[in-house]
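The lines below spell out each chain.
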Amino acid sequence: MRKTAFFASALLLGAPLALAQRTQLKPAWNLFSPQDDIKLGKEVAADAKQQLPSCNAPKVDAYLTDLGKKLIMKLPTGGVQYPFEFHCVNDKEINAFALPGGFVFVNRGLIEASNNESQLAGVIAHELSHVALRHGTSEATKAKAAQLGVDVIDTLLGGNAGGALITELGRFSAGGVLLRYSRASETQADILGTQVLYDSGYDPRALAQFFEKMDAESQENSPPEFFSDHPSPERRVERVEQEIVKLGGEPKKVKRDSLEFEAIKKEVAALPVLKKETLTASGGSARPAGPPPGPSAKYAEYQASAYTVKYPDNWKKYGEKDDVSFAPDGGVMEIEGGHAGLAYGIVVSVTKVPGDATADKALDTATQQFIMDMQKDNPKMKVERQPGGVRVNGQPGLSTYLSNESPAGGEETDWLITVIRPEGLVSFVCAAPARDYENYDKAFAAFLDSVKFTR
Ligand SMILES: [Zn+2]
């Protein structure tokens, strides 16, 4: 027995040396399943294909597909069969993006800016790494959880939040929440991308070289679009070089270029140049067109522990318990930093009352505190009309008007109603862009009229 135990521990000690010391990367926990990634990616890719100008060059698409396939063979996908697709986009901006599930769009500008095949392969390997590590839906999970207060545990136990999120996210065109990566995700995609380059025989330094080149060009011109979707983590190049050392150093014989690449580059250079205004969105900052459909006059009911409320039946409810939002389709949109922001709808929350909830001025104090907390997250938010007394379901409340920057662009009007209940401060924030506010005023008032406190 002893001997066996000794033998086993010796094996364990020996194990790290026997294995390659490359950085091990796996997808993070995520509300979506890999099948959701494929379904969601397919929907958004169909949208992207309509919006983006195609190169209309089958040879170029075929070349990208061949190159992509070589890299995919070395890409760890955890056994998931993603339906990879590669499309050339007739846009001179240096950019590429990959949607969840493996739908890759490569701008002609990227092909033209690559010095050789391994640099293009490097950027594509980076994109494919985002797919394999499922960064798109993982970022979407974070954005939703942060903005709408999705109770993560409830969601885990409760089932189909992923399905509801797909309906919501499917509305974002290419360039929405799915394509704004955090710096941590960028580092992971750089590392995995470098491993894929190394394993497929390309110069593993190509990715770092390409970023160095882009950085140098950014000093003179505005930074390429690529960096707005893929923000540079600190020490990007250094981190890639460390990984190459871990992989055993730069191999003696590497593939840098091919005749085929040079031929494709010429073909791409000869494509007609489209004027920028004919491009609708280029993986950048597309927004759903127009305001969402107006609030329905029919109602659905929601029952929380502190209250029940009726909301237009063409709105959806997000979140759980003390932190719920009601919004029409298209009412939630992308804001700075890739988070989701509520442009149209109502956020209801129950928060702790600071100090003694039964004191004379408790409602005033709690309301001021609540406004200050909102201003921390919304630095442009201003009080437009000071709190005035109202009644909500017979209870004394305060009504305050605020303005903010709307996620839909322009100014936003926020109507805040606060009431103290045994559960805490119940707040209703009714938000719409100032230009559309009058179309929502009635729905907001009907919502507040329908409130019934349970105790
Ligand atoms: Zn990236």
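Quick look at the structure, then. Everything numeric here is computed off the predicted structure, so don't read it as measured data.

Conventions we followed
- Residues numbered from 1 in each chain as written.
- Predicted model: local features only at pLDDT ≥ 70, side-chain atom pairs only at ≥ 80, totals over all residues.
- Heavy atoms only, no water.
- Helix = DSSP H or I, 4+ residues; strand = E, 2+ residues; numbered from the N terminus.
- Buried < 20%, exposed > 50% of the residue type's maximum accessible area, 1.4 Å probe, protein only.
- Areas by Shrake-Rupley, 256 points an atom, 1.4 Å probe, with all protein chains shown as cover.
- Salt bridge = Lys/Arg side-chain N within 4 Å of Asp/Glu carboxyl O.
- Arc of directions from axis to C-beta.
- Contact = heavy atoms within 4.5 Å.
- Pairing = 2+ DSSP bridges.
- Core = buried A, V, L, I, M, F, W, Y, C linked by side-chain atoms within 4.5 Å.

Turning our eyes to something else, we now look at the overall build of the protein. From N to C terminus, the protein includes 15 helices and 15 strands. Among the 455 residues that make up the protein, the fraction classed as buried is 52%. Carbon and sulfur atoms make up 54% of the accessible area of the protein, which totals about 21,600 Å².

What follows is about the pattern of salt bridges. If the charged atoms of two oppositely charged side chains come close together, the side chains can form a pair. If you walk through the whole model with that rule in mind, you get 17 salt bridges. Put simply, R256 and D203 hold a salt bridge, and the shortest N to O gap is 3.0 Å. With R256 in the loop between α12 (236-246) and α13 (259-269) and D203 in the loop between α9 (183-199) and α10 (206-220), this residue pair connects regions lying 53 residues apart in the sequence. The exposure class assigned to D203 is buried, which follows from its relative accessible area of 1%. One salt bridge connects R239 with E243, and the closest N-O pair in it is separated by 3.8 Å. Of this pair, R239 and E243 both sit in helix α12, four residues apart, which is roughly one turn of that helix. By relative accessible area, which is 17% here, R239 ends up buried. Exposure remark for E243: the relative accessible area of 0% places this residue in the buried category.

For the rest of this paragraph, the subject is unusual backbone geometry. Despite not being glycine, N56 has its phi angle at roughly 50 degrees, a positive value. Position of N56 relative to the elements: it lies in the loop between α2 (34-51) and α3 (58-72). Of note, the phi angle at R134 is positive, near 55 degrees, even though the residue is not glycine. Assignment of secondary structure puts R134 in the loop between α5 (117-132) and α6 (135-148).

What follows deals with α13. Taken together, the buried positions of α13 are occupied by F261, I264 and V268. The buried residues of α13 occupy one face: seen down the axis, they fall within an arc of 65 degrees. Exposed side of α13, more than 90 degrees from the buried face: L259 and K266 are the residues found there. Next to the buried residues of α13 lie α3, α4 (108-113) and α5.

It is worth spelling out the sheet that holds strand β5 (residues 307-312) at this point. Taken together, the three strands give an open sheet; going across it, the order is β4-β5-β15, and neighbouring strands pair in antiparallel fashion. Edge positions in the sheet fall to β4 (299-303) and β15 (452-453), since each has one partner strand and no second. Note that β4 and β5 share five bridges and pair antiparallel. The residue of β5 that forms the bridge with Y302 is V309.

Within strand β12 (residues 395-405), eight of the 11 residues are buried, which leaves it mostly tucked inside the rest of the structure. Sheet topology note: the strand β11 (residues 382-392)/β12 ladder contains eight bridges and is antiparallel. Bridged to V383 within β12 is L402. Linkage of β11 to β12, two consecutive antiparallel strands, is achieved through a turn of two residues, within which N393 is found at a positive phi near 50 degrees. Relative to strand β13 (residues 411-421), β12 is paired through nine bridges, and the arrangement is antiparallel. Among the inter-strand pairings, T400 is bridged to a residue of β13, identified as L416. Remark: five residues form the turn of the hairpin made by β12 and β13, two consecutive strands paired antiparallel; G409 in that turn has positive phi of roughly 95 degrees.

Moving on to the nonpolar core. Membership of the largest hydrophobic core comes to 47 residues, with the highest contact counts inside it found for L64, I111, L120, I124 and L128. The element best represented in this core is α5, accounting for eight residues. Once you skip the residues sitting within four places of it in the chain, I111 turns out to touch V60, L64, C88, V106, L120, F261, I264, K265 and V268. Among the nonpolar cores identified, the runner-up in size contains 32 residues, and A304, F326, V350 and Y401 belong to it.

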